[in-house]
Amino acid sequence: MTLIKDRAVIIGQGYVGLPVAMRAVHGGYDVVGFEIDPTKVSALNSGRSHVEDISADQLGEMLGTGRYRATSEASDLAGFDVAVISVPTPMGEGVPDLSYIESAARTLAAHLSPGATVILESTTYPGTTEELVAPILESGSGLVAGEDFQLGYSPERIDPGNPTWRLENTPKVVSGMNPRSLEAVQGFFDRLVDTTVPVSGTREAELTKLLENTFRHVNIALVNELAMFARDLGIDVWEAIDAASTKPFGYMRFTPGPGVGGHCLPIDPSYLSWQVERSLGQTFRFVELANDINEHMPDYVVRRVQALLNDHAKAVRGSTVVVYGLAYKANTSDARETPARPVIDQLLRLGAEVCLVDPHVAAEQFPSDATPCDGSPDDLADADLVIYLVDHDDFDREAIVASGVPVLDCRRALSGPNVQHL
Ligand SMILES: NC(=O)c1ccc[n+]([C@@H]2O[C@H](COP(=O)([O-])OP(=O)(O)OC[C@H]3O[C@@H](n4cnc5c(N)ncnc54)[C@H](O)[C@@H]3O)[C@@H](O)[C@H]2O)c1
C-alpha cells in the first residue's frame, strides 16, 4: 500500500526548498511552494528565480506544467498529502533559533489531515522532529503523530553551485518516527531522487547531517591551522596538500581559505555542541577548536595584508585594496556569514579604501563603506593591493595577475611574481 498521494507543499522557497519543489514537480506532484517573503513569491510566479541552481528556464518549465505555484496564503495549504519544511535554522546569541520551524509547523498543523505526511528538512539538532515538531502538529490538529499522520526527517545535502552532485543524484537519507512514517517519507523521496538511504530513527538522520558538516568544519580548520604554521616554517602547504591528495585511500582533500561561511558550516556544528553541552554538560572540544580557528581566519588574512603592504613600504591606512568576492563560496550569490565581511570591516577600520568586486551578490548586501567596483583596468591601476577571497568563474584572473598589483590569493587560483598564497 502506498501512503503518499500527490499534493505536496514545500514550506520555504530558498536554496533548499525551491530545488525540492522542482524535483517534486518532476516526480509528478502538484506542488505549492509556501513562502512568507512576498517578493520571492511574486518573483517566482513570474518566472524569476533567486536561487542560482534553478535557472529561469527551469522555473519557467516548472510553471509551465501548471503543477507549481508559490504562495504566501496559508489557505493554499489545505488538503496537502505531504509537506516538507525547509526554513532557516540560525543561531541566535549562541542558542539554536528554531522559531522558523515552530512557525512553519503551526501553519501546517491548521491544515493537517489524517493520512498526510510531514517531513522536516531544515538542519537541526537531534530530537527536534519528535520533541518540537510533533507536539506542535498534534496540538494544532488534534491528530496523533505516527498514527493519524506520518512524521519524519530527511537532511538536505544540496551543494549550491555544484554541477555534478545535484539533488536528484545525491543519495538522500530518510527517516520516520516509526516504520509507517519511514515508508511514507521514503516513498515521497523515491519519486524525487535516484537513491534513498533509510536510517532507523529521526535522531540518527538529524545527527547524520550534523556529522557531515562537523566533519567538513573540523577538516577545514585543520588545513587552515596547518597553512598558518607551514608559512612560518617556510613550507608550501598547498604543494603538500596536492601531494597528499594523490593517496588513493585514507585521505580527503580540504584546502585552506579565509574562513567558513554560508548557512551550514559556521552554524550546524554549534547546534551539536550546544546540544551536547545542554544535555550532557560537556564541551564538544573538536567543534569549539574548529570554531576558534575558522572564526579567526579573517584576522589572519588581515595580518597577511598588513605584512604584504609593509613589504611595499605601505600602511593599510590610505591604501586602496581591491577585494574580489563577497559570497562565501565560488559561483554563488550567498553572502550569509561570509568571512569576506569581517575582512572588509577590519580593513575599513584600519583606514583602507576598499573596492569590492562581486557580480554575483546584490549591491544592497555590500558593506556600506565599501565601494562597489567591477575589477576594471582602472580599478586595478588605482590599487595598492588585491585580496582574492572567492574564485568565481567569471573573475578575470589573468588581468589581476597582469596588473602587477601585489595579490594575496586565499584560494590558490592565481600565480605570478606578484601573487602570494594564503
Ligand atoms: N543552503 C544550503 O546550502 C543548505 C544545505 C543543506 C541544508 N540547509 C538547511 O536547510 C534549511 C533552509 O536553508 P536555506 O539555505 O534554504 O534557507 P533560505 O533562507 O535560502 O530559505 C528559507 C526560506 O524560508 C522562508 N521562510 C522562513 N520562515 C517561513 C515560514 N514560516 N513559512 C514559509 N516560509 C518561510 C524564508 O523567507 C526563506 O525564503 C536550513 O536549516 C539550512 O541549514 C541549507
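Thresholds applied
Residues numbered from 1 in each chain as written. Predicted model: local features only at pLDDT ≥ 70, side-chain atom pairs only at ≥ 80, totals over all residues. Heavy atoms only, no water. Helix = DSSP H or I, 4+ residues; strand = E, 2+ residues; numbered from the N terminus. Buried < 20%, exposed > 50% of the residue type's maximum accessible area, 1.4 Å probe, protein only. Contact = heavy atoms within 4.5 Å. Core = buried A, V, L, I, M, F, W, Y, C linked by side-chain atoms within 4.5 Å. Near = heavy atom within 4 Å. Polar contact = N/O pair within 3.5 Å; in protein donor to acceptor, adjacent residues only side chain to side chain. Nonpolar A, V, L, I, M, F, W, Y, C, P; charged D, E, K, R; others polar. Salt bridge = Lys/Arg side-chain N within 4 Å of Asp/Glu carboxyl O. Axes fitted to C-alpha atoms, helices over the stretch in contact; angles between N-to-C directions. Parallel < 35°, antiparallel > 145°, perpendicular 65-115°, else oblique. Pairing = 2+ DSSP bridges. Patch = residues over 30% accessible without salt bridge, like charges linked within 9 Å, V, L, I, M, F, W, Y side chains within 5 Å. Areas by Shrake-Rupley, 256 points an atom, 1.4 Å probe, with all protein chains shown as cover. Lys, Arg positive; Asp, Glu negative; His and termini not counted. Charge placed at Lys NZ, Arg CZ, Asp CG, Glu CD.

A. How the structure looks around the environment of Met 91. Inspection of the secondary structure puts Met 91 in strand β5 (residues 91–92). Met 91 sits in the partly exposed class, given a relative accessible area of 25%. Excluding residues within four positions of it along the chain, Met 91 makes contact with Pro 96, Asp 97, Ile 267, Ser 270 and Tyr 271.

B. Seen up close, the nonpolar core. By size, the foremost hydrophobic cluster in this structure holds 37 residues, and its most contacted members are Leu 108 and Leu 137. Sequence-distant contacts of Leu 108, that is, excluding residues within four places in its chain, are made with Val 9, Ile 11, Leu 77, Phe 80, Ala 83, Ile 85, Val 118 and Leu 137. The next biggest cluster of nonpolar side chains, apart from the first, holds 34 residues, and it includes Val 301, Val 343, Val 361 and Leu 408.

C. Region of the structure containing the site of the ligand. Near the ligand, the surroundings consist of 25 residues, among which Val 16, Glu 35, Lys 40, Thr 89 and Thr 123 are the closest. Glu 35 is positioned such that a nitrogen or oxygen atom in its side chain is 2.5 Å from an oxygen atom of the ligand. Between the ligand and the protein, one listed contact pairs an oxygen atom with a backbone N or O atom of Thr 123 at 2.9 Å. Ranked by the residues each element gives to the shell around the ligand, the list is headed by helix α4 (residues 99–109), at three residues. When its residues are assigned to classes, the shell around the ligand shows 12 nonpolar, eight polar and five charged.

D. Structural detail: the pattern of salt bridges. If you walk through the whole model with that rule in mind, you get 15 salt bridges. With its nearest N and O atoms 2.7 Å apart, the salt bridge here joins Arg 412 to Asp 242. Residue Arg 412 is found in the loop between β15 (407–409) and β16 (419–421), and its partner Asp 242 is found in helix α8 (residues 237–244); the two are separated by 170 residues along the sequence. Among the residues examined, Arg 412 registers a relative accessible area of 28% and is labelled partly exposed. Owing to a relative accessible area of 30%, Asp 242 belongs among the partly exposed residues under this scheme. Arg 397 is paired through a salt bridge with Asp 393; the nearest N and O atoms lie 3.9 Å apart. Of the residues examined, Asp 393 reaches a relative accessible area of 56% and is grouped as exposed.

E. Quick look at the packing of helix α5 (residues 128–141) against helix α7 (residues 202–233). Between α5 and α7, whose axes approach to 8 Å, the crossing angle comes to 115 degrees. The pairing of α5 with α7 is recorded here as roughly perpendicular in orientation. Residues Thr 128, Thr 129, Glu 130 and Glu 131 of α5 pack against Thr 202, Arg 203 and Glu 206 of α7. Partitioning the contact of α5 with α7 into residue classes produces no nonpolar, three polar and four charged.

F. The arrangement of the sheet that holds strand β13 (residues 371–372) in detail. As summarised here, the arrangement of the six strands in space is β13-β12-β11-β14-β15-β16, forming an open sheet in which the pairing is parallel. Edge positions in the sheet fall to β13 and β16, since each has one partner strand and no second. In terms of strand pairing, strand β11 (residues 320–324) meets strand β12 (residues 353–357) through five bridges, oriented parallel. Within the sheet, the bridge partner assigned to Tyr 324 lies in β12 and is Val 357.

G. Just a negative patch on the surface, in detail. The grouping of Glu 225, Glu 277, Glu 288, Asp 292 and Glu 295 at the surface amounts to a negative patch. Ranked by residues supplied to the negative patch, first place goes to helix α10 (residues 285–295) with three residues. Turning to its location among the elements, Glu 295 is positioned in helix α10. Overall, the relative accessible area of 56% leaves Glu 295 in the exposed class.

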